[in-house]
Amino acid sequence: MSSPIESGRASILVVDDDAQIRALIVRLLRPMGHKVVEAATAEEAQEKLRAASPDLVLVDMQLPGRSGHDLLAEIRSDPRTRLVPVVMITGAATHETKLKAIEGGVTDFIAKPFSPEELAARVHALLELKFVTDALEDAEQVIISLARTIDARDRYTYGHSARVSLYAGLLGERIGLQGRILETVRRGGLFHDFGKIAIRDAVLLKPAKLTAEEYGEIKRHPTEGRDLLQNMKTLLHAMPVVYHHHERMDGSGYPDGLSGETIPITARVTTVVDVFDALTTARVYRGALSREDTLGIMVDEVRKGWWDGRLLDEFRGVLATLPEDDERIRRLSAGLPAS
Ligand SMILES: [Fe+2]
Ligand SMILES: [Fe+2]
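Described in the following lines is the structure provided in the data block. Because the structure is predicted, anything quoted here is derived from the model rather than measured.

### What to know about the sheet that holds strand S1 (residues 11-15)
Working step 1: Taken together, five strands build an open sheet; the order of strands is S2-S1-S3-S4-S5 and the sheet is parallel. The open sheet is flanked by strand S2 (35-39) and strand S5 (108-111), the only strands paired with a single partner. Strand after strand, the sheet turns through a mean of 20° between neighbouring axes, direction not considered.
Working step 2: Taken strand by strand, helix H3 (residues 42-52) contacts S1, S2 and strand S3 (56-60), and its axis lies near 150° from that of S2.

Set out below in structure tokens:
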């Protein structure tokens with residue numbers, strides 16, 4: 001991949017209601033080889049954002065109608081544009097409005113009047129940043145494709161990890177997890193069974209009861225998963241999920257036999273939804289169980305001391321708002337992204 005700067009292919013969206021300022025910026029950036037798209041209002045900018053997928057956005061803080069802050073919020077909330085650097089061009093910005101922009105995720109400020117050299121230098125630096133984040137996003141996509149290969153190997157568990165990730169995220173939200181820890185349960189769900197990659201087909205896909213030895217091999221998957229993924233920094237936080245998702249509350253699980261709240265919450269959340277998904281989807285040795293039968297079995301297993309009963313109760317609440325034919329579940333089971 002070549003840098004957008006070297007290739008002169010960067011696309012820059014300039015949003016300012018002052019036509020003279022826009023013309024000045026265009027005159028400055030076009031000779032640098034960039035494609036410059038203009039918008040006079042936040043509404044117009046939104047349309048252009050969709051069409052132009054810019055590498056950088058320069059936006060006037062004070063626009064007529066919807067403000068630069070509103071536009072920034074929209075850019076940050078859309079997965080397609082959330083990582084695009086946004087520079088706010090400020091006239092008479094107060095401490096408060098700047099703070100608001102920083103909280104909203106602005107990348108940089110440039111004060112009016114700006115010198116051409118300053119603008120050129122900022123644009124250059126931020127396009128380099130965009131180039132790096134693009135490379136990281138590509139790496140992220142590779143990691144997610146890698147996670148999909150686990151599900152793709154076994155038609156009976158197709159979509160399992162993606163559904164576990166969806167359920168775990170919803171359960172995590174319901175119990176008040178936020179930010180990084182919530183992202184961890186989502187990502188952990190996607191990777192929890194990654195270690196199955198190291199398990200032989202003859203064991204993993206065996207259409208009959210496993211021998212004790214074969215079951216022992218299956219039980220290695222949390223450790224295999226940890227060993228395979230432990231050097232990936234982006235998965236560091238998800239590691240307790242990968243390693244501990246087969247622990248039980250009474251200490252009878254594996255690999256470490258942890259019990260109660262010594263089992264990380266991210267792992268306990270995943271365990272509940274993992275068991276639920278396994279029971280509600282067909283396996284080679286049995287059909288799919290209904291939600292009601294599954295919850296009945298799981299309540300018994302909570303009594304036996306296996307799962308976190310409080311989390312199972314909360315998960316009932318999630319299921320009450322999630323119909324069985326929910327579009328996201330249907331899509332994930334077909335191997336498509338949830339949205
Ligand atoms: Fe597992
Ligand atoms: Fe699983």
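### As for the pattern of salt bridges
Working step 1: Counting across every chain of the model gives 24 salt bridges.
Working step 2: Across the pair Asp108 and Arg122 runs a salt bridge whose closest N-O atoms are separated by 3.4 Å. With a gap of 14 residues between them, Asp108 in strand S5 and Arg122 in helix H6 (residues 116-153) connect regions that are remote in the sequence.
Working step 3: When its relative accessible area of 23% is taken as the criterion, Asp108 is described as partly exposed.
Working step 4: Salt-bridge contacts for Glu327 lead to Arg330; the nearest nitrogen and oxygen are separated by 3.1 Å. With Glu327 and Arg330 both in helix H16 (residues 327-333) and three residues apart, the pair spans about one turn of that helix.

Cut-offs used in this document
Residues numbered from 1 in each chain as written. Chains lettered and ligands numbered in written order. Predicted model: local features only at pLDDT ≥ 70, side-chain atom pairs only at ≥ 80, totals over all residues. Heavy atoms only, no water. Pairing = 2+ DSSP bridges. Helix = DSSP H or I, 4+ residues; strand = E, 2+ residues; numbered from the N terminus. Axes fitted to C-alpha atoms, helices over the stretch in contact; angles between N-to-C directions. Contact = heavy atoms within 4.5 Å. Salt bridge = Lys/Arg side-chain N within 4 Å of Asp/Glu carboxyl O. Buried < 20%, exposed > 50% of the residue type's maximum accessible area, 1.4 Å probe, protein only.

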